[in-house]
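As a plain string of letters, each chain reads:
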Amino acid sequence: MKPALFLFTSLLSCSIAYSQAANDEMAQDFKDVSKFGSRQSGFEGLQTYHSGNVEGSQFFSPNWTTGTVTTVTNQQFGKNYLFLYDKVRQELFMKPKDSSVVLLADKDLIGAFTLVTDKVHSFVPASAYDPSNAGNFFEVLVKDDKGYSLYKLIKTKFVKADERDMEKQAQGEVFDSFQDQITYYLIKDGRTKTVALRKNNILKVLTPVKSKASQYFDQNSDRNLDEGMLIGIIQYING
C-alpha cells in the first residue's frame, strides 16, 4: 500500500474524542485552537484509486510534521501540534501530539503557517498578493519588503492511469498519480507577475534590472536553471 493511501486510510479511523490533555496548559491550548478549526473524523472527499499503484502524494510531506500556524489575529500554535498540508485541496490539517484528534484549519483565519521537513517551509494566503488565487497558499521562497519577493504555488491534481497506453502496459508502468503544477510569482511594489524557469522569460520579467540578472546568468553559466538558481537570481538582484 502506498504511503499516501495508507495515511488516508489510517486517518479515517481517527477518533474525534480528545481525552489526552496532559495538563491544564495543554487543555487550554486545545480549547483555543479548536476555535480555529473544525474537528474531522477523516479526510472527506478524497479521490479513490482504481489501481494499487499511486505515484506522488497529495500531501506536501507524506507524514505529519512539526511546524507552526499563525492566525489573522496573531495567535500562534505549534508547540503541541503536528501538521499535514493537502496540496490538492489547499487545506491545512493539524492534530495535538500523541492524540488521534484531527482539526481542519479555517482558511479564512490562517495568517501564515510553516512546515518543518528538510528545512522550514513558510506559507501565506495567496489572496494577499493575487486575488485570483483566493483559497490557495503561496510558499515563500524570497521575502524582501524593498526589493523583489518570490513565491511558489503548488497545485496538485489526481490523474488516473491511462490503461489504453499499451506501451506503458507492456513496461508495467501504468500508475495513478498525483501531479504537481508549479507556478512562480515575482512581486515588487505591489505588482505580481508570473515567472517561468526559462532564461528569456526571467530577463523579460526582470527588465528593470535586466543587466544585473544577465550578470548572474553569466557568472553561473554552468548551472541548471532550476528553482535554486531562480532564488539565487532574486537574492543577487536584491543584494
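Given the structure is predicted, the values throughout are model-derived calculations rather than measurements. (Residues numbered from 1 in each chain as written. Predicted model: local features only at pLDDT ≥ 70, side-chain atom pairs only at ≥ 80, totals over all residues. Heavy atoms only, no water.)

S.K.: So, the nonpolar core: which residues are in play, and what are the values?
M.R.: Judged by nonpolar contacts, the single largest core of 20 residues is most densely connected at Leu150, Leu186, Val195, Ile202, Leu206, Ile233 and Ile234. Of all the elements in the fold, those that place two or more residues in this core are strand E10 (137-142), strand E12 (176-188), helix H4 (199-205), helix H5 (210-219) and helix H6 (227-238). Not counting chain neighbours up to four residues away, the residues in contact with Leu206 comprise Tyr148, Leu186, Ala213, Ile233, Ile234 and Ile237. Core analysis: the next-biggest nonpolar cluster, separate from the first, contains 17 residues, Val69, Phe77, Phe83 and Met94 among them. (Core = buried A, V, L, I, M, F, W, Y, C linked by side-chain atoms within 4.5 Å. Buried < 20%, exposed > 50% of the residue type's maximum accessible area, 1.4 Å probe, protein only. Helix = DSSP H or I, 4+ residues; strand = E, 2+ residues; numbered from the N terminus. Contact = heavy atoms within 4.5 Å.)

S.K.: Could you give an account of the packing of H5 against H6, naming the residues involved and the relevant values?
M.R.: Closest axis-to-axis distance for the H5/H6 pair is 9 Å, and the angle between their directions is 130°. With respect to each other, H5 and H6 are oriented oblique. As H5 packs across H6, the resulting crossing turns out to be right-handed. Facing Lys212, Ala213, Gln215, Tyr216, Phe217 and Gln219 of H5, the residues of H6 in contact are Met229, Gly232, Ile233, Tyr236 and Ile237. By residue class, the composition of the contact of H5 with H6 is seven nonpolar, three polar and one charged. (Axes fitted to C-alpha atoms, helices over the stretch in contact; angles between N-to-C directions. Parallel < 35°, antiparallel > 145°, perpendicular 65-115°, else oblique. Left-handed = near helix turned anticlockwise from the far one by under 90°. Nonpolar A, V, L, I, M, F, W, Y, C, P; charged D, E, K, R; others polar.)

S.K.: Explain H5 to me, and be specific about the residues and the numbers.
M.R.: Of the residues making up H5, those classed as buried are Ala213, Tyr216 and Phe217. One side of H5 carries all its buried residues, which in axial view fall inside an arc of 100°. Those residues of H5 that are exposed and angled more than 90 degrees off the buried face are Ser211, Asp218 and Gln219. The secondary structure elements touched by the buried residues of H5 are H4 and H6. (Arc of directions from axis to C-beta.)

S.K.: Hey, could you go over unusual backbone geometry for me, with residue numbers and the actual values?
M.R.: Despite not being glycine, Asn74 shows a phi value in the positive range, around 65°. The phi dihedral of Asp98 is positive, around 60°, even though this residue is not glycine. By secondary structure assignment, the location of Asp98 is in the loop between strand E6 (91-96) and strand E7 (102-105). Judged by its relative accessible area of 71%, Asp98 falls in the exposed class.

S.K.: How would you summarise the pairing of E6 if you had to cite specific residues and measurements?
M.R.: By the criterion of burial, E6 is predominantly enclosed, with six of the six residues buried. Residue alternation in E6 divides its side chains into two sets, Glu91, Phe93 and Lys95 and Leu92, Met94 and Pro96, and both sets are buried. As paired elements, strand E5 (residues 81-86) and E6 share six bridges and run antiparallel to each other. Bridge pairing links Tyr81 to Pro96 in E6. Hairpin geometry of E5 and E6 is characterised by an intervening segment of four residues between the two adjacent antiparallel strands and by a positive phi of about 55° at Gln90. Counting the residues in the hairpin turn of E6 and E7 gives five residues, including Asp98, whose phi is positive at 60°. (Pairing = 2+ DSSP bridges.)

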